[in-house]
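Topology and contacts: notes
Residue-level listing of the chains:
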Amino acid sequence: MNTTAVQYSFSGHETFPFRYPWLKKGFDAVRENSGIFLRDDAIVALGVGKNMVRSIRHWCLTAGVLVESWKGGGYLRPTELGALLLADDGLDPYLEDPATLWLLHWQIASNRARATTWFWAFSHFRESEFTRELLNSALSKWVQTLSGKRVAESSLKRDVDVFLRTYVPSRPNRRDLVEDSLDCPLVELGLIVQTEGGKAYRFQRGPQRGLPDGILLYAVLCFWEAFSPTTETLALSDLARQPGSPGRLFKIDESSLVERMEGIEKLTDGRLSYIETAGLRQLYRRKKLDPYQVLTEAYAVGGRRR
């Protein structure tokens, strides 16, 4: 994997996890005016406070639905993924399909440059059960190994707090959630749960039956392109264990990942296949797939397209 010029960030969210309407609000606002986040009246246009305006910008960039424009100077533009997902006639503009939450988790947790704590926690942190203090301490030690300027401990603690609130509901019963809840939509995935007593947390590692095959395939293609774009084979061990891999970021156990990959030939009409010979388990690519076409087909299978 190309690791040159790696950037890291432990801020930008203004201490807010994203909320249900935010990505659509930011996307629509930028389609109307590419410089909306530079304007003094952005708080009126977006209907939120000043800090939340900055947070919406951050999460739209982190989720990959907006990108900095070729104009520079703070101007933004929608990405192909943003248009595909969040346009009024898009795949799921209001995040009604659980598949979208898995997709957004992948987009955010794989974004090492803008969501470093998210990437690190799912890719590098080895503890299945942990306290907030342990998470803070482990992240601080890892950050000390990075090049670049030192990151303040207070910034790391705020980042860890937002990370946990991205996945753990603020109320004990997730069924109480409504669209305008203060909780992040990703709490619905149940990837991190609070233990009894509320003083510790646990990653929910397993088969992730709620993760649609099409979203997993999209993640496989994204990882393959980032990790080894010129090869026609990809080792199952890399798919399961490498930092930033679907196995790591979705917390899928390896045997379940093998089970899912065994069906990939049928899912891709033979363009990808899973081969296990002489103890070597790998994916083989006969023909490149378009990740966005894969997403479109995934939502069609799920019944969201009209």
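Our subject is the structure that appears above.
The rules behind these values
- Sequence order as written defines the numbering, with residues in each chain counted from 1.
- Per-residue local features are limited, in this predicted model, to residues with pLDDT of at least 70; the limit for side-chain atom pairs, both in listing and counting, is 80 or more; totals at the level of whole chains, interfaces and linings are taken over all residues.
- In computing side-chain values, all of the structure's heavy atoms are included and hydrogens and water are not.
- Two strands qualify as a pair provided that DSSP identifies no fewer than 2 bridges between them.
- For helices the rule is a DSSP run of H or I covering at least 4 residues; for strands it is a run of E covering at least 2, with both sets numbered from the N terminus onward.
- Each residue is placed in one exposure class: buried if its accessible area under a 1.4 Å probe, protein chains only, is under 20% of its type's maximum, exposed if it is over 50%, and partly exposed if it falls in between.
- The working definition used for a salt bridge is a side-chain nitrogen of Lys or Arg within 4 Å of a carboxyl oxygen of Asp or Glu.
- The set of buried Ala, Val, Leu, Ile, Met, Phe, Trp, Tyr and Cys residues whose side-chain atoms join them within 4.5 Å is what this entry labels a nonpolar core.
- Contacts were defined at the residue level, with two residues in contact if any of their heavy atoms lie within 4.5 Å.
- To obtain an axis, a line is fitted to C-alpha atoms, over the contacting stretch when the element is a helix, and the angle between two such axes runs from 0 to 180 degrees between their N-to-C directions.

1. Thoughts on the sheet that holds strand β5 (residues 201–203)
Strand order in the open sheet formed by 3 strands is β3-β5-β4, with antiparallel pairing between adjacent strands. In this open sheet, the two strands that pair with only one neighbour each are β3 (129–130) and β4 (192–194). Pairing analysis gives 2 bridges linking β3 to β5, with the strands arranged antiparallel. Each residue of the ladder has a partner; that of F130, found in β5, is Y201.

2. Quick notes on unusual backbone geometry
Despite not being glycine, T15 has its phi angle at roughly 70 degrees, a positive value. Looking at the secondary structure, you find T15 in the segment before α1 (22–32). Residue T15 is classed as partly exposed on the basis of its relative accessible area, which comes to 34%. In the Ramachandran plot, A278 falls in the positive-phi region, its phi being about 50 degrees despite a non-glycine side chain. Of note, A278 is situated in the loop between β7 (272–277) and β8 (280–285).

3. A short note on the pairing of β8
The sheet contact formed by strand β6 (residues 233–235) and β8 spans 3 bridges and is antiparallel. Note on β8: the bridge partner recorded for L234 is L283. The turn linking β7 back onto β8 is made up of 2 residues, and A278 within it adopts a positive phi angle of 50 degrees.

4. Some points on the pattern of salt bridges
According to the stated counting rule, one finds 14 salt bridges in the structure shown. For R39, the salt bridge is made with D41, and the minimal N-O distance between the two is 2.9 Å. Under the relative-accessibility criterion, D41 is labelled partly exposed at 33%. Here R241 and E254 are joined by a salt bridge, their closest N and O atoms 3.0 Å apart. Highlighted residues: R241 in helix α10 (residues 236–241) and E254 in helix α12 (residues 254–261), separated in sequence by 13 residues. Given a relative accessible area of 45%, R241 falls into the partly exposed group.

5. A closer look at the nonpolar core
One broad trend across soluble globular proteins is that nonpolar side chains are buried collectively. F18, F163 and M261 are the most contacted members of the largest nonpolar core, which has 93 residues in total. Examining the composition of this core, we find that 10 residues originate from one element, helix α9 (residues 213–227), more than from any other. Leave out the neighbours within four places in its chain, and F18 touches L23, W59, L95, L104, I108, D183, C184, P185 and L186.

6. Looking at the sheet that holds β6
Read from one edge to the other, the open sheet built from 3 strands follows the order β6-β8-β7, with strand pairing classed as antiparallel. Edge positions in the sheet fall to β6 and β7, since each of these pairs with one other strand and no more. For this sheet, the mean inter-axis angle between neighbouring strands, taken without regard to orientation, is 30 degrees.

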